[in-house]
Amino acid sequence: MKKIFALLSLCLMSYAYAQHSIMIVNNFSTTFDFQGNLSAHNYSGSCYPYVTSSTPTMITVPADSHTSNGKELAYKNFKDQFTGSLYPTTNWTVQTSPTSSTIRAWNHPSIAPGGVISYNVKWASSQFQMYYAGTSIPEPSFGGLIGESPDPCTGAPGYISTSYGDAEWFNITTANITYSYLQVY
Amino acid sequence: MSMKKILTVLGITAASFVYSQGRIIVNNYSKYDFHGFLITTNSTTGCYPRAGNSGAIVIPAECHMGNGLALVYEGYRDQFISSLYPTTNWEVTVNPLTSSIMAWDDVNLAPVSTIATTTKWYATKFDMTEPGTNISVQDFHTNLNIANPCSPGIIDYYVTPSGNNSAEMFTIGSITYLQLF
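Residues numbered from 1 in each chain as written. Chains lettered and ligands numbered in written order. Predicted model: local features only at pLDDT ≥ 70, side-chain atom pairs only at ≥ 80, totals over all residues.

**Thoughts on the overall build of chain A**
Cut-off, in case you're wondering: The helix count covers DSSP runs of H or I at least four residues long, the strand count covers runs of E at least two residues long, and both are numbered beginning at the N terminus. The burial criterion counts other C-beta atoms lying within 10 Å of a residue's C-beta, which is placed from the backbone; the residue is buried at 20 or more, exposed at 12 or fewer, and partly exposed between these limits. We call two residues in contact whenever the C-beta atoms placed from their backbones are within 7 Å.
A tally of regular secondary structure across chain A gives three helices and 13 strands. Among the 185 residues that make up chain A, the fraction classed as buried is 39%. Long-range contacts, defined as pairs at least 24 residues apart, comprise 56% of the intrachain contacts of chain A with a sequence gap of at least 6.

**So, the overall build of chain B**
Check the secondary structure of chain B and you find three helices and 12 strands. Taken across its 181 residues, chain B has 40% of its residues classed as buried. Nonlocal contacts in chain B, meaning residues at least 24 apart in sequence, comprise 60% of its contacts between residues at least 6 apart.

**Quick word on unusual backbone geometry**
The omega torsion of the bond from Thr55(A) to Pro56(A) falls at 0 degrees, within 30 degrees of zero and hence cis. Summarising the element assignment, Pro56(A) is placed in the loop between strand E4 (50-55) and strand E5 (59-61). The step from Tyr48(B) to Pro49(B) runs through a cis peptide bond, and the omega angle for that step is 0 degrees. With respect to the helices and strands, the residue Pro49(B) is situated in the loop between strand E2 (33-42) and strand E3 (50-53). Even without glycine at this site, Asp64(A) takes up a positive phi of about 60 degrees.

**Some points on the sheet that holds strand E11 (residues 159-161) of chain A**
Residues and elements named next belong to chain A. As a reminder of what qualifies: At least two bridges found by DSSP between two strands is the condition for calling them paired. Axes here refer to lines fitted to C-alpha atoms; in helices the fit is confined to the stretch in contact. Angles between the N-to-C directions go from 0 to 180 degrees.
Taken in spatial order, the five strands make up an open sheet running E6-E1-E13-E12-E11, and their pairing is mixed. Both edges of this open sheet fall to strand E6 (73-75) and E11, since each of them pairs with a single strand only. Within this sheet the neighbouring strands show an average axis-to-axis angle of 15 degrees, counted without direction. The pairing of E11 with strand E12 (residues 166-174) spans three bridges and is classified as antiparallel. Pairing of Tyr159 across the sheet is with Glu168, part of E12.

**Comments concerning the nonpolar core**
Stated precisely, the cut-off is as follows: Core membership is restricted to buried Ala, Val, Leu, Ile, Met, Phe, Trp, Tyr and Cys residues, and these are joined into a nonpolar core through C-beta atoms within 7 Å.
Of all hydrophobic cores here, the largest spans 67 residues; its most connected members are Val51(A), Ile25(B), Val26(B) and Leu71(B). Non-local contacts of Val26(B), meaning those with residues more than four positions away in its chain, are made with Phe34(B), Ile59(B), Ala70(B), Leu71(B) and Leu178(B). Within the second largest apolar cluster, seven residues are counted, among which are Tyr76(B), Leu109(B), Ile115(B) and Ala116(B).

**Structural notes on the sheet that holds strand E1 (residues 23-28) of chain B**
Residues and elements named next belong to chain B. Within the open sheet, the five strands sit side by side as E5-E1-E12-E11-E10. Their pairing is mixed. What marks the edges here is a single partner per strand, and that holds for strand E5 (71-73) and strand E10 (157-159). Each strand of the sheet is rotated relative to its neighbour by a mean of 10 degrees, with strand direction disregarded. When strand E11 (residues 166-172) meets strand E12 (residues 175-180), the two strands line up antiparallel, connected through six bridges. Each residue of the ladder has a partner; that of Phe170, found in E12, is Tyr177.

**Examining the confidence of the model for chain B**
Residues and elements named next belong to chain B. Using the following cut-off: Summary of the metric used: pLDDT quantifies the predictor's per-residue confidence within the range 0 to 100.
The share of residues in chain B with pLDDT of 70 or more is 89%, and the mean pLDDT across the chain is 90. Per-residue pLDDT stays below 50 along residues 1-19; that stretch engages in 21 contacts with residues further than four places along the chain or on separate chains. Scored by ipTM, the complex comes to 0.79, with pTM at 0.84.

**Here's the deal with the pairing of E12(A)**
Residues and elements named next belong to chain A. Turn length for the E11-E12 hairpin, with the two strands adjacent in sequence and antiparallel, is four residues. Bridge count for E12 against strand E13 (residues 177-184) is eight bridges, and the pairing is antiparallel. Across the sheet, Phe170 pairs through a bridge with Tyr181, a residue of E13. A loop of two residues connects E12 with E13, the two strands running antiparallel in sequence, and Ala175 in this loop sits at a positive phi of about 50 degrees.

**Considering the pairing of E11(B)**
It is a general feature of regular strands that their side chains alternate between the two faces of the sheet. Residue and element names in this part refer to chain B. For E11, a buried count of seven out of seven residues is recorded, marking the element as mostly surrounded by other parts of the structure. Here E11 shows a buried face lined by Ser166, Glu168, Phe170 and Ile172 and a second buried face lined by Ala167, Met169 and Thr171. Two strands pair when backbone bridges link them, and E10 and E11 are joined in this way by three bridges, in the antiparallel orientation. Across the sheet, the residue bridging to Tyr158 is Ala167, located in E11. Between the antiparallel neighbours E10 and E11 lie six residues, among them Gly163 with a positive phi of about 80 degrees.

**Observations concerning the environment of Ser125(A)**
Residues and elements named next belong to chain A. By the element assignment, Ser125 lies in strand E9 (residues 122-132). Between the C-alpha atom of Ser125 and that of Phe78, which follows or precedes it by 47 residues, the distance is 15 Å. Contact partners of Ser125, with chain neighbours within four places excluded, come to Ser39, Leu145, Ile146, Gly147, Glu148, Thr154 and Ala156.

**A closer look at the environment of His108(A)**
Within the secondary structure layout, His108(A) lies in the loop between strand E8 (100-105) and helix H3 (116-119). A sequence separation of 29 residues divides His108(A) from Lys79(A), and the C-alpha atoms of the two residues are 7.9 Å apart.

This is how it looks when you write it as structure tokens:
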């Protein structure tokens, strides 16, 4: 009986300890700061759980901040980003159904890596607005919702092209780790 | 362990996805013991049949998927063999006037039975206690239910007035989760 427990535990743990994708935001623009939120959600069946950064309301990634100079935004998961990222998120809004919404701190066990919510979601989209670097002046035509496309949960396009610059969202999987990239040029 | 047993266990695991009752997983991340009831109701219409454990289930403090000590119920019957916290008897209500106590291996609760195939985990009633005791933790007790055809209201989140503890209930796919913090 002990062995059966062990086997079942192994079955459970094998999916409990997987990791959702790693989020990278590269702002290659030298003219604009990026300000936006980041959302992750379930991709199998329903859109829930649905997790969105909520404090700060907008995460700022300054102009010319990207992997080439080590200033990119990199979120390993909802928790570790707080200590590991240059642009930490303090609180996340967690929707477990269309009618249920809760704000969780970065270190709450509900969204910890290895937990069921973290495991079942993948980075999906960002609502963003570009601002002239170092100012609070937005460029109204350079912003919007962008994300993995197609995605019935968000309806976000994967590419936004404006006369001020472009934004793109794509995934790359290497060594069994999926990276979600949001890049602004 | 023989290959036959491994296949049986894997078979049970696989079969659990087939039936609508689904699986329930309870993660107790809190520092208190969970004393409670896990309840099913008709998954498509009305409130019957419905079933819940007879006699409280106790899940000790800090028992969850992270350390392999979560409560996992694959169904009324199979939980008795596979769960760390087996329920021996279920209280089954088939209509407003008829309820009965059925043992875990009652044929009417088998995975292919009408009761198992027409019900789904949807509610809990619980009381949290100091570890290893029956001393209730102030304010950390409630009822929760997710969306279901029986009762219109959804109460799937609870936080104690102090904000120190909370509980959430939700589904992902065919699995219902109850988590205590």
